[in-house]
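# Close look at the chain arrangement
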Amino acid sequence: GFLGLSGAVLIQVYEALFPGKPSSFLLMLAIVPTLLSLSLMFLVKIQHHSHPHSLHDQNYINGFSLISIALASYVMLLILSSKLFVLSQWIHSISLLPLLILLCSPLGVAVKSGLRETPDSAPLLVADDETDCDLQQMDLLQALRSLDFWLLFAAMLCGMGSGLATIDNLAQVGESLNYSPTQCSTLVSLWSVWNFAGRFGSGYLSDASARRYGLERPALMVASLAAMGGGHFVIGSGLPGNLYVGSVVVGLCYGSQWSLMPTVASEVFGVRHFGTIFNAVAAASPLGSYVWSVRVIGYLYDREGGGVPGGCRGVRCFRSAFFILGCVAVLGSFVAVVLLLRTRGIYGTIMMRSRRRRSMLA
């Protein structure tokens with residue numbers, strides 16, 4: 001979720017501290033994230049033994065969740081304010097202070113967790129004896145020989161790839177439609193906020209729907225990819241407000257893919273080699289971005305513009321490209337349907353284990 005918000009947050013930082021100074025902003029991006037990563041490494045704990053999740057752990061996770069929701073709400077407030085009012089530079093600077101406080105708030109949660117006397121934190125993914133008996137635990141080579149891996153990879157190539165291609169070209173699409181630079185940055189900010197909503201909300205929704213209705217996670221992947229196709233069609237339609245509506249839909253669905261894909265991968269292939277399998281599937285995102293952004297959007301834009309950089313204006317510049325992306329996302333939805341049908345046995349086992357555990361706790 002925080003990753004999804006990063007684009008909107010960085011735009012606010014740029015407008016408050018580096019207006020008209022892109023080189024200084026890029027220098028900040030090169031230095032500050034590196035220093036933060038190095039300075040906060042001491043908070044990372046290696047767990048050598050698995051422990052049951054405790055109520056305290058859930059409280060800390062809820063704390064992170066509340067902070068992220070507050071941060072997203074504040075960023076959305078800033079975006080709406082900039083659209084409704086003409087804000088001076090000093091207002092941008094003042095508005096940055098609460099943003100920085102919210103960004104630093106997770107550190108307080110982490111420190112509070114670290115000061116706890118009984119370090120019974122549990123790892124995010126646990127491969128216990130029961131899981132080993134009931135579900136398969138594949139390594140990367142075994143996963144690569146599985147049709148399920150390539151179905152998941154193809155679905156993400158269509159979904160993540162087309163979504164990333166959209167954000168890569170969103171500002172240029174806005175320029176071709178005569179959007180101002182402020183409007184283009186607003187589009188990117190909206191994308192980031194709804195990307196957060198997709199990452200955060202789809203994880204909660206998939207868990208809740210699985211517990212209450214027994215809905216398999218790939219079913220939500222099917223719906224998300226189909227909706228993303230609709231968002232691409234809206235962007236390509238050229239209707240009034242198409243970029244605002246389309247960027248919200250595509251951003252929401254793109255974020256949901258990043259939440260659903262890791263969980264589906266862990267459930268289908270097991271958690272023992274989850275890291276390598278996850279990164280192998282995640283390679284579909286940059287690969288898809290290259291194919292759809294360079295070979296489709298870029299090619300069609302250059303053809304419409306006569307090969308002159310920035311020479312194309314109007315809906316025709318991107319209409320064909322986004323209709324193609326819409327078809328690609330719908331194709332990904334059909335691929336996800338095949339994955340859903342093939343993994344129903346696995347999810348049936350997961351549902352039975354979950355119901356058995358709940359009955360034992362009751």
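This one's a predicted model, so the numbers in the text were calculated from it and none came from an experiment.

## Description of the overall build of the protein chain
If you tally the helices and strands in the protein chain, you get 14 helices and zero strands. Mapped from its N terminus to its C terminus, the protein chain presents α and β elements in the order α-α-α-α-α-α-α-α-α-α-α-α-α-α. Rg of the C-alpha trace for the protein chain: 22 Å, near the compact-globule value of 21 Å for 362 residues, within the 12% margin. Taken along its principal axes, the extent of the C-alpha atoms in the protein chain is 65 × 45 × 35 Å. Per-residue burial over the protein chain gives 44% buried out of 362 residues. Considering only contacts in the protein chain between residues 6 or more positions apart, those separated by 24 or more positions represent 84%. Carbon and sulfur atoms form 68% of the exposed surface of the protein chain, whose accessible area is close to 18600 Å². For the protein chain, the centre of its 23 positive side-chain charges and the centre of its 18 negative side-chain charges are spaced 6 Å apart.

## Looking at helix α12 (residues 284–304)
End to end, α12 covers 28 Å across 21 residues, agreeing with the expected 30 Å (1.5 Å per residue, within 8%). Among the residues making up α12, those that are buried are Ala284, Ser285, Gly288, Ser289, Trp292, Ser293, Val296, Ile297, Leu300 and Tyr301.

## Side note on the packing of aromatic side chains
In this structure the tally under the stated criterion is 14 aromatic pairs. Aromatic rings pair up to connect Phe149, Trp150, Phe153 and Phe269 into one cluster.

## Regarding the packing of helix α7 (residues 147–176) against helix α10 (residues 242–269)
Remark: α7 packs on α10, axes separated minimally by 10 Å, with the N-to-C direction vectors making an angle of 155 degrees. By the angle between their axes, α7 is roughly antiparallel relative to α10. In this structure, α7 crosses over α10, and the sense of that crossing is left-handed. Residues Asp148, Phe149, Leu152, Met156, Gly159, Met160, Gly163, Leu164, Thr166, Leu170, Val173 and Gly174 of α7 touch α10, and the partners they reach there are Leu243, Ser247, Val250, Tyr254, Gln257, Trp258, Met261, Val264, Ala265, Val268 and Phe269. Tallied by class, residues from the contact of α7 with α10 come to 16 nonpolar, six polar and one charged.

## Some details on unusual backbone geometry
In this structure, Asn178 takes a positive phi of about 65 degrees despite not being glycine. Given a relative accessible area of 62%, Asn178 falls into the exposed group.

## Points about helix α8 (residues 181–213)
Along an α-helix, a turn takes 3.6 residues, which lines up residues three or four apart on a common side. With 33 residues, α8 should reach 48 Å at 1.5 Å per residue; the first-to-last C-alpha distance of 46 Å fits that figure. Within α8, the axis deviates most sharply at Gly201, by approximately 25 degrees. Trailing α8 by a residue or two, Gly214 shows a phi angle of about 70 degrees, which is positive.

## Remarks on the state of the cysteines
Applying the stated criterion to the full structure yields one disulfide. Residue pairing for Cys312: its cysteine sulfur links by disulfide to Cys317, the two sulfurs lying 2.0 Å apart. Between Cys312 and Cys317 the disulfide shows an S-S torsion of about -105 degrees. By sign, it is left-handed. The same class applies to Cys312 as to Cys317, namely buried. Unpaired in terms of disulfides, Cys158 finds its nearest cysteine sulfur in Cys327, a separation of 11 Å. Among the residues examined, Cys158 registers a relative accessible area of 7% and is labelled buried.

## Here we look at the nonpolar core
Leu152, Met156, Met221, Met261 and Phe269 are the most contacted members of the largest nonpolar core, which totals 60 residues. When residues of this core are traced back to their parent elements, those giving at least two are α7, α8, α9 (217–237), α10, α11 (274–282), α12, α13 (319–342) and α14 (344–361). Within the second largest apolar cluster, 21 residues are counted, among which are Ala8, Met28, Leu78 and Phe196.

## Quick notes on the side chain of Thr166
Looking at the element boundaries, Thr166 is found in helix α7. The exposure class assigned to Thr166 is buried, which follows from its relative accessible area of 0%. Within the local environment of Thr166, its side chain forms a polar contact with the side chain of His232, the two groups lying 3.5 Å apart. For Thr166, the contacting residues outside a window of four places in its chain are Trp191, His232, Ile235, Val250, Phe322 and Leu325.

## A few points about the packing of α7 against α8
The interhelical angle for the contact between α7 and α8, taken along N-to-C directions, is 160 degrees, at an axis separation of 9 Å. Between α7 and α8, the interaxial angle falls into the category roughly antiparallel. Considering only the axes of α7 and α8, their crossing is right-handed. When α7 is examined against α8, the residues Gly163, Thr166, Ile167, Leu170, Ala171, Gly174 and Glu175 are found in contact with a partner set consisting of Cys184, Leu187, Val188 and Trp191.

## Quick word on the UniProt feature "transmembrane region" (unreviewed entry) in the protein chain
Here the UniProt-annotated "transmembrane region" (unreviewed entry) positions come out as residues 25–44, 64–84, 90–111, 147–167, 243–265, 277–301 and 321–341. Counting secondary structure, residues 64–84 comes out at 100% helix and 0% strand; the distance between its end C-alpha atoms is 30 Å. For residues 243–265, the end-to-end C-alpha separation is 32 Å, with 100% helix and 0% strand making up the annotated structure.

## Overview of the pattern of salt bridges
Opposite charge on two side chains permits pairing when their charged atoms draw close. Within the structure shown, the criterion is met by five salt bridges. For Glu216, the salt bridge goes to Arg344, with nearest N and O atoms at 3.5 Å. Of the two residues, Glu216 sits in the loop between α8 and α9 while Arg344 sits in helix α14, which places them 128 residues apart along the sequence. Among the residues examined, Glu216 registers a relative accessible area of 15% and is labelled buried. Residue Arg344 is classed as partly exposed on the basis of its relative accessible area, which comes to 45%. Of the charged contacts in the structure, one is a salt bridge between Glu267 and Arg217, with a shortest N-O distance of 2.8 Å. Of the two residues, Glu267 is situated in helix α10 and Arg217 in helix α9; the sequence distance between them amounts to 50 residues. Classification of Arg217 by relative accessible area gives buried; the value is 11%.

So, how was this worked out
- Residues numbered from 1 in each chain as written.
- Predicted model: local features only at pLDDT ≥ 70, side-chain atom pairs only at ≥ 80, totals over all residues.
- Heavy atoms only, no water.
- Helix = DSSP H or I, 4+ residues; strand = E, 2+ residues; numbered from the N terminus.
- Rg over C-alpha atoms; globule rule 2.2 N^0.38 Å.
- Buried < 20%, exposed > 50% of the residue type's maximum accessible area, 1.4 Å probe, protein only.
- Contact = heavy atoms within 4.5 Å.
- Areas by Shrake-Rupley, 256 points an atom, 1.4 Å probe, with all protein chains shown as cover.
- Lys, Arg positive; Asp, Glu negative; His and termini not counted.
- Charge placed at Lys NZ, Arg CZ, Asp CG, Glu CD.
- Expected span 1.5 Å × (residues − 1).
- Phe/Tyr/Trp six-rings, centres within 6.5 Å; stacked < 30°, edge-to-face > 60°.
- Axes fitted to C-alpha atoms, helices over the stretch in contact; angles between N-to-C directions.
- Parallel < 35°, antiparallel > 145°, perpendicular 65-115°, else oblique.
- Left-handed = near helix turned anticlockwise from the far one by under 90°.
- Nonpolar A, V, L, I, M, F, W, Y, C, P; charged D, E, K, R; others polar.
- Bend = angle between axes of the 7 residues up to and from the residue.
- Disulfide = S-S within 2.5 Å.
- Core = buried A, V, L, I, M, F, W, Y, C linked by side-chain atoms within 4.5 Å.
- Polar contact = N/O pair within 3.5 Å; in protein donor to acceptor, adjacent residues only side chain to side chain.
- UniProt positions renumbered as here; feature names shortened; annotations may be inferred.
- Salt bridge = Lys/Arg side-chain N within 4 Å of Asp/Glu carboxyl O.

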